[in-house]
Amino acid sequence: MIRTLIKKEFEYDKYKKLEQEIYRLFINNCKVIKDFYWKTTQPLLEYTGASNCFSQLYALTIDLQFVNSSALFDMAKICQNIEDLKVWYCNGDIPGLIMLIDVQKNLQSLFIYFMEVEEPCVQLSEVIERKASTIKKFTMEPFIATLSPKFFPLLINLQHLDLRNMIKMKKEIVGLQEWKNYLSISSFPNLHCLKTIYLPIRFNCMLIEKSHGSIVEINISRHSYNRTPLHSEKLIEAISKNCPKLEKLTIDVELKNLSGIKDILLNCSQLKRIRLSLCNEGRLNVCDELLEILVKFSPNTLNSFSLNKWKFSVDSLQSFFESWRNRFPIIFDLYFGNFTEEHKIIVKKYFDEGIIKETNFL
């Protein structure tokens, strides 16, 4: 609203004054706020009524490009009941952030986005370790090697784990061997959801094995920077052997992994949704065998398919839908495949007949 009203650069002082007045009105008139996105340099905690406004915060998102350590110390004096904390652009051990996390009585969800970190965040790892027993959801990105994983064995109530290792660091701040050591002594009996991006394959397999069969959802994208069919094979084997309660699955696979997909379908009998992305980029080989496996071995619960970068013959696609005629209607999505107008005609035919209840293909 302020940026719309004040468009000229030389009116920046007016912008800051108007922003200040709006925050004052907000803090004076809004009592017992539950959810707040903190993205301003304004000294909010110094305003009259700040204690009443923020004392009952349940969820707090902090942008550290705007909020400094001193302001975080002030917030820590007021808020001790935050259950959902999201931290953006963390660049190291920030004392105010450490204190804010440390005073929380029942922190259940923690998200941290790191930025330009050059040294291990030792104090941050230690405060997470102190709060580990209450944490049910933990997310970190875009690289995992900023934190020591020594708190992982204490995440005894963890239900949702999201590790996004999207940036390959030139220099490992925390060695991956240390991650391996701590994961090897961890146990996640309550883990329901596992999501990872570019996490080493051995870590994915260890997390799955340590879940003791409790996982309901897996989303593992780009599981290695230097992936091979063997990497996918190990991951698929870990899933098929350790995830009897699995309902939603998203993974990358190779053409050589089709027998493993069959094992997943046979062993994960509660599967409802599957998304398979083919790793053979640039080599769109016809792979009708996948459709045959899905028809023959899918559990009765499975009714949602998302297939990325696959290529099927028109006859095989038609046969797949015909075989599904006496089952529940399905969701059928196709992405980035070499499909023709004939393929679209087939999909539309079975969509009109109610075999397909939802698709992105039309």
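Reading the values: the criteria
Residues numbered from 1 in each chain as written. Predicted model: local features only at pLDDT ≥ 70, side-chain atom pairs only at ≥ 80, totals over all residues. Heavy atoms only, no water. Axes fitted to C-alpha atoms, helices over the stretch in contact; angles between N-to-C directions. Helix = DSSP H or I, 4+ residues; strand = E, 2+ residues; numbered from the N terminus. Parallel < 35°, antiparallel > 145°, perpendicular 65-115°, else oblique. Contact = heavy atoms within 4.5 Å. Nonpolar A, V, L, I, M, F, W, Y, C, P; charged D, E, K, R; others polar. Salt bridge = Lys/Arg side-chain N within 4 Å of Asp/Glu carboxyl O. Buried < 20%, exposed > 50% of the residue type's maximum accessible area, 1.4 Å probe, protein only.

In the nomenclature of an unreviewed UniProt entry, the chain corresponds to F-box domain-containing protein from the organism Rhizophagus irregularis.

Engineer: What exactly am I supposed to notice about the packing of helix H11 (residues 288-297) against helix H12 (residues 314-323) here?
Structural biologist: Helix-helix packing is characterised by the crossing angle of the two axes and by the distance between the axes. Interaxial distance between H11 and H12 falls to 10 Å at its minimum, and their mutual angle equals 5 degrees. With respect to H12, the axis of H11 lies roughly parallel. Listed contacts from H12 to Asp 288, Leu 291, Leu 294 and Val 295 of H11 are Ser 316, Leu 317, Phe 320 and Ser 323. Among the residues making up the contact of H11 with H12, the classes are represented as five nonpolar, two polar and one charged.

Engineer: So what exactly am I meant to see when it comes to the pattern of salt bridges here?
Structural biologist: Side-chain pairing between opposite charges can occur once the charged atoms of the two side chains come close. Applying the stated criterion across every chain yields a total of 15 salt bridges. Where Lys 86 meets Asp 84, a salt bridge forms, and the shortest distance between an N and an O atom there is 3.0 Å. Between Lys 150 and Glu 129 there is a salt bridge whose closest N-O contact spans 3.9 Å. Remark: Glu 129 occurs in helix H6 (residues 122-131) and Lys 150 occurs in the loop between strand S5 (137-141) and strand S6 (160-164); sequence separation between them is 21 residues.

Engineer: Got a minute to help me understand unusual backbone geometry in this structure?
Structural biologist: Working note: non-glycine residues mostly have negative phi, and peptide bonds are mostly trans. In this structure, the amide linkage connecting Glu 141 to the following residue, Pro 142, adopts the cis form with an omega of 0 degrees. Here Pro 142 shows up in the loop between S5 and S6. With a phi angle near 55 degrees, Val 32 is a residue other than glycine that sits in the positive phi range. The residue Val 32 is located in the loop between helix H2 (12-29) and strand S1 (35-38) in this model. Owing to a relative accessible area of 38%, Val 32 belongs among the partly exposed residues under this scheme. If you check the backbone angles, Lys 309 has positive phi at about 70 degrees while not being a glycine.

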